[in-house]
Amino acid sequence: MTAAINRFFVITFGLCLSLYSLADVKNSSGGFIDVNVYPYLSDVESDNTLTINIAAKLQHRFSYFSLTNLSNQDNADELEDTRGFYSEQNIRWQVSSTSPIDLTLQMNFRSGDDNDRHRLGFRWRLNNTSGLDTFFKRINLGWSVNFHVLQFDREDPNVWQMEHVFKLKFPYLSDRLYLAGFIDHTFNQDLPDDIPSSPMVGEAQLGFRVIENLYAVCESRVNEYRRADVNNIAVGVEYKLVW
């Protein structure tokens, strides 16, 4: 019951924020909502099969981004909820109108009890940095690194994370094609010996716009917290609304 209540809260919170942004476009510099459905998973059937991403640029140099993953749970009892979820809610504040640095708050919610996590840190947008921006523009790459330096949960307070986010376009091949994803590295966790000391979780999504707002997508996923089946391939479709 607790997991179901948490799920309801997270999804409702994200959707309310997105609807607010859509209704108040005059106070927003833009944003998007995309829904990804993955009917095919190559190796790990309990991986996420539905992902909802929401982003909005707000007033006073604030911005919002969230992702919510829904997945099948392993060995779920037939009488229990068989859907798991993981969500990140991010609030960011650009320190000045010309700065490539944002102060960040990330709130993590997931299935189960007593395992939510909140982080404070800063994000460095490399492709918006003077001296680097020309290079990144030339190769059509956007890249940022988020340093989650303070973590609040039941783990050791020295645990921290470095999160890379990237998007590469291919205008010389097609304006419809892109490669985007993330790479998370977590440090100082107390983990079993068969898990790497700084485990990585990452996704690389190759997408192609088929028609209007509809994309065909294929993701290569890596999760080093899994003791078996570290890699997984997901194939599906994405529908994206941009304002």
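What counts as what
- Residues numbered from 1 in each chain as written.
- Predicted model: local features only at pLDDT ≥ 70, side-chain atom pairs only at ≥ 80, totals over all residues.
- Heavy atoms only, no water.
- Phe/Tyr/Trp six-rings, centres within 6.5 Å; stacked < 30°, edge-to-face > 60°.
- Helix = DSSP H or I, 4+ residues; strand = E, 2+ residues; numbered from the N terminus.
- Buried < 20%, exposed > 50% of the residue type's maximum accessible area, 1.4 Å probe, protein only.
- Lys NZ or Arg CZ within 6 Å of the ring centre and 35° of its normal.
- Salt bridge = Lys/Arg side-chain N within 4 Å of Asp/Glu carboxyl O.
- pLDDT = per-residue confidence, 0-100.
- Contact = heavy atoms within 4.5 Å.
- Pairing = 2+ DSSP bridges.

(A) Layout of the packing of aromatic side chains. Under the criterion given, the structure shown has seven aromatic pairs. Pairing Phe62 with Trp93 gives two aromatic rings, centres 6.4 Å apart and planes at 45°, and the pair type is tilted. Linking Phe62 in strand 3 (residues 62–72) with Trp93 in strand 4 (residues 83–94), this pair joins segments that are 31 residues apart in sequence. Residue Phe62 is classed as partly exposed on the basis of its relative accessible area of 36%. With centroids separated by 5.4 Å and ring planes inclined at 25°, the aromatic side chains of Trp143 and Phe166 adopt a geometry described as stacked. Highlighted residues: Trp143 in strand 7 (residues 141–152) and Phe166 in strand 8 (residues 160–170), separated in sequence by 23 residues. According to the relative accessible area criterion, Trp143 is partly exposed, its value standing at 24%. The aromatic ring of Tyr178 is capped on one face by Lys167, whose charged end is 5.0 Å from the ring centroid. Above the plane of the ring of Phe32 lies Lys240, whose end atom (NZ or CZ) is 4.5 Å from the centre.

(B) Molecular detail of the pattern of salt bridges. In the structure shown here, the tally under the stated rule is eight salt bridges. Among the salt bridges present, the one from Arg123 reaches Asp102, with a minimum N-O distance of 2.8 Å. Residue Arg123 is located in strand 6 (residues 117–125), and its partner Asp102 is located in strand 5 (residues 101–110); the two are separated by 21 residues in the primary sequence. Both residues of the pair, Arg123 and Asp102, belong to the buried class. Its salt-bridge partner being Arg125, residue Asp102 comes within 2.9 Å of it at the nearest N-O pair. Of this pair, Asp102 sits in strand 5 while Arg125 sits in strand 6, and the two are 23 residues apart along the sequence. The same class applies to Asp102 and to Arg125, which are both buried. When salt bridges that share partners are traced, they join Asp47, Glu203, Glu219, Arg221 and Arg226 into one network.

(C) Representation of the confidence of the model for the protein chain in the model. Of all residues in the protein chain, 84% have pLDDT values of 70 or greater, and the mean over the chain is 87. Predicted confidence is poor over residues 76–82, with pLDDT under 50, and the contacts of this stretch with residues over four places away or in other chains come to eight contacts.

(D) Spatial organisation of the pairing of strand 11 (residues 214–223). Alignment of strand 10 (residues 200–211) against strand 11, held across ten bridges, turns out to be antiparallel. Its bridge partner being in strand 11, Arg209 is matched across the sheet by Tyr215. Joining the antiparallel neighbours strand 10 and strand 11 is a turn of two residues, in which Glu212 adopts a positive phi near 50°.

(E) How the structure looks around the environment of Tyr40. Along the polypeptide, Tyr40 turns up in strand 1 (residues 30–41). A relative accessible area of 45% places Tyr40 in the partly exposed class. Residues Tyr40 and Ile233, spaced 193 residues apart in sequence, show a C-alpha to C-alpha distance of 8.1 Å. Aside from chain neighbours lying at most four places away, what touches Tyr40 is Ile233, Ala234 and Val235.

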